[in-house]
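Results of the structural survey
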Amino acid sequence: MTIQRSSAEENQSGKALKSSRKISQNSKSGRWLWFWVGMSGIAMVSATAGALLAVSLSSTPLQQAQLSPKDEAVFDSDRISGGVLRFSELTRPVNLLVMGMSVLPPDIQNPPEETKNLKYLPQVNSFDGLSDVMLLVKFDPETKKINMLSIPRDTRTEIEGYGVKKINAANLEGGPALTAKTVSNLLGGAGIDRYVRINVLGVGKLIDALGGVTVYVPKDMKYQDDSQHLYINLKAGKQHLNGDQTLQLLRFRHDELGDIGRIQRQQMVMRALMDQTLNPTTVAQLPKVLDVVKDHIDTNLTVEELVALMGFGVRTNRSNMQMLMLPGRFSEKGEFGASYWLPSKNGIAKLMAQHFGLESEEEQLATTTDPSSLRVAIQDSTGGDRSNLRPLIRALEKSGYRNIYVAKAWGEPLDVTHIVAQQGDGDSAESIRNTLGFGEVRVESTGNLGSDISIQVGQDWLQQKSILEKSLTP
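Rules used in this analysis
For every chain, the first residue of the written sequence is number 1, and numbering continues from 1 onward in sequence order. Whole-chain, interface and lining totals are the exception, using all residues; otherwise, since this is a predicted model, local features are given only for residues with pLDDT of at least 70 and side-chain atom pairs are given and counted only at 80 or more. The side-chain numbers reported here are obtained from all heavy atoms of the structure, hydrogens and water having been left aside. Put simply, DSSP H or I for four residues or longer makes a helix, DSSP E for two residues or longer makes a strand, and each gets a number counted from the N terminus. Relative accessibility under 20% of the residue-type maximum defines a buried residue, over 50% an exposed one, and the middle range a partly exposed one, all with a 1.4 Å probe and only protein chains included. In this analysis, two residues are considered to be in contact whenever any of their non-hydrogen atoms come within 4.5 Å of each other. Reported accessibility uses the Shrake-Rupley method at a 1.4 Å probe radius. Residues are deemed covered only where the shown protein chains occlude them. Between Lys or Arg on one side and Asp or Glu on the other, a salt bridge is scored when a side-chain nitrogen of the former is within 4 Å of a carboxyl oxygen of the latter. A pair of Phe, Tyr and Trp rings is counted when the ring centres sit within 6.5 Å of each other, with Trp represented by its six-membered ring. The angle between the planes then sorts it: under 30 degrees is stacked, over 60 is edge-to-face, the rest tilted. Charges are assigned to positions over rings by a cutoff of 6 Å between ring centre and Lys NZ or Arg CZ, combined with an angular limit of 35 degrees from the ring normal. As used here, the arc is the angular range of directions from the helix axis to the C-beta atoms. Nine residue types can take part in a nonpolar core, namely buried Ala, Val, Leu, Ile, Met, Phe, Trp, Tyr and Cys, and a core is a set of them joined through side-chain atoms within 4.5 Å. In this scheme, strands are said to pair when DSSP sees at least two bridges between them. Convention adopted: a line fitted to C-alpha atoms gives each axis, helices being fitted over their contacting stretch, and angles between N-to-C directions are expressed from 0 to 180 degrees.

1. What about the overall build of the protein?
If you tally the helices and strands in the protein, you get 13 helices and 19 strands. When burial is assessed residue by residue, the protein has 47% of its 474 residues classed as buried. Restricting the contact set of the protein to residue pairs at least 6 apart, pairs at least 24 apart contribute 71%. Just so you have it, the protein exposes about 24,100 Å², and 52% of that area is on carbon and sulfur atoms.

In structure tokens:
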């Protein structure tokens, strides 16, 4: 079909053509600008990955353990990152088992010669022995979340071939593979893709390489163990800690909560580190950081996979980083021959379904939780008396919350109230935030141990108190 145009149409067409050329030129300029920005980003990541690769190949490899083919088969060998230009991109969900190792000479068969004539037991740079810290971390590009599950080292569980023991013995008996199988069985069959073991000597160096960490020390901590040359002396308050001081905070466990209190402090340090160090600048410094700690790390992650995980961490919103703890309870005195953390089968099933996508026959997750069934603890950080909390309690009761109690005050002064999903129930914590109209939801285990939700009251409560009181007035 032939289309004829009038001269007027041709003039308009000509103007439109000139206009479209200008738009096209601007559009092309914009495209070129973004092209060069993109290429610069690729170049930076490539340089970082290249430097990492050079560091890792120049001396000690990242994987220092010799795993048999049977042990290697415990871990999922499928790729977790893209190829070529997408090598730094995480392409599927990944479950990473992280173990912190604190090893003394008696823990290993052939301790270093220089440790034999000492009058104390020094830390040894080894990955054998009992695991002191255990985490399962899920990096999920589908939900854009990072979920970290702390597993107490005293957790009572079955270790295949060795009977019922504390879970920290799994590494002593069978290394990372047996630990991965034990963790998977405990968590209802969760798959383990990769592992990382880091010696405590490397943790201090890692903190120093990152420039230290600013954290609130919840109370004065003093402890002395001459047999290990372990000296802990920290004052309460917000402060910037170096590597040795951070280790003192992480290793202290001589209070009423023992290892569980230590897990809470570990989560505080991890939150502070994520806030301070997960940024592009830190990623660019990874070669230097890895060079400092590489002798103290054993992992089956490749360098490319490490870059992909770090890159995902940088891009993840802090509110989507959730820290959980294995549901359970302390064993009672005389219940067993040793003290244990006794895992809750139902609690684990619920947590794994909510945060790790692992459904089970026992777990029939309700869409909403009845407010009257929730245990809500209130921890005041403002320094006021309990009477200041009455309007807060009344507002919660008016909304159907029945099991509310005032717990031990929160030591750190907070500007913003933290509504802590102690058992991982972020939806219920968000409902409480909506009821109150203020506060910040945190999915972590730093609240009151016996609660489902802990409300750590901050200065914003003092500003909202009068508003809430008016809403409660008939």
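2. A look at the pattern of salt bridges
Evaluated as defined, the whole model comprises 22 salt bridges. Between D76 and R92 there is a salt bridge, with the nearest N and O atoms lying 3.9 Å from each other. With D76 in the loop between α2 (69–72) and β1 (94–101) and R92 in the loop between α2 and β1, this pair connects stretches of sequence that are 16 residues apart. When its relative accessible area of 30% is taken as the criterion, D76 is described as partly exposed. The closest approach of N and O atoms between D140 and K138, which form a salt bridge, is 3.6 Å. Accessibility classification places D140 together with K138 in one group, the buried group. If you follow the salt bridges from partner to partner, you end up with D132, R153, D259 and R262 in one network.

3. Looking at the packing of aromatic side chains
Tallied over the full model, the rule gives five aromatic pairs. Where F330 meets W341, the ring centres are 5.2 Å apart and the plane angle is 85 degrees; that geometry is what we call edge-to-face. Of the two residues, F330 is situated in strand β13 (residues 328–330) and W341 in strand β14 (residues 341–343); the sequence distance between them amounts to 11 residues. Judged by relative accessible area, W341 falls into the buried class, the value being 3%. Seen from the ring of Y340, R156 lies directly overhead, with NZ or CZ sitting 5.3 Å from the centre. Between the NZ or CZ atom of K166 and the centre of the ring of Y340, over which it lies, the distance is 5.9 Å.

4. Here's the deal with helix α12 (residues 426–436)
Three or more residues of α12 are buried, namely G426, S428, A429, I432 and L436. Mapping the buried residues of α12 onto a view down its axis gives an arc of 165 degrees, with all of them on the same face. The outward face of α12, more than 90 degrees from its buried face, is lined by the exposed residues D427 and N434. On its buried side, α12 packs onto β15 (375–380), α11 (390–398), β17 (418–421), β18 (440–442), β19 (453–457) and α13 (459–472). The first or second residue beyond α12 is G437, which carries a positive phi of 85 degrees.

5. Some details on the side chain of S184
Mapped onto the fold, S184 is located in helix α3 (residues 169–186). A residue is classified by how much of its surface remains accessible, and S184, at 15% relative accessible area, is buried. Setting aside residues no more than four positions away along its own chain, S184 makes contact with G189, A190 and I192.

6. A closer look at the nonpolar core
Generally speaking, a soluble globular protein has its nonpolar side chains buried in company with each other. Counting 56 residues, the largest nonpolar core has L149, I151, L187, L396, I432 and L436 as the members making the most contacts within it. Residues in contact with L436, not counting those within four places in the same chain, are L392, A395, L396, I455 and L468. Counting 41 residues, the second largest nonpolar core, distinct from the first, contains L135, I146, L241 and I297.

7. Here we look at the sheet that holds β18
The five strands lie next to each other as β16-β15-β19-β17-β18, forming an open sheet whose pairing is mixed. Where the open sheet ends on each side, the last strands, each with one partner, are β16 (403–406) and β18. Direction aside, neighbouring strands of the sheet carry axes that sit 20 degrees apart on average. As paired strands, β15 and β16 are joined by four bridges and run parallel to one another. Residue pairing in the sheet places V376 in a bridge with I404 of β16.

8. Considerations on unusual backbone geometry
Residues other than glycine seldom take positive phi values, yet K144 does so here, at roughly 60 degrees. Positioned with a positive phi, H229 is a non-glycine residue whose angle comes to about 55 degrees. Summarising the element assignment, H229 is placed in the loop between β8 (221–225) and β9 (230–234). The partly exposed category is assigned to H229, whose relative accessible area is 43%.

9. With respect to the environment of L97
Of note, L97 is situated in strand β1. For the pair formed by L97 and L149, sequence separation is 52 residues and the distance between their alpha carbons is 9.7 Å. Those residues in contact with L97 that lie beyond four places of it in its chain are M134, L135, L136, P176, T179, A180, V183, I192, R194, Y195 and V196.

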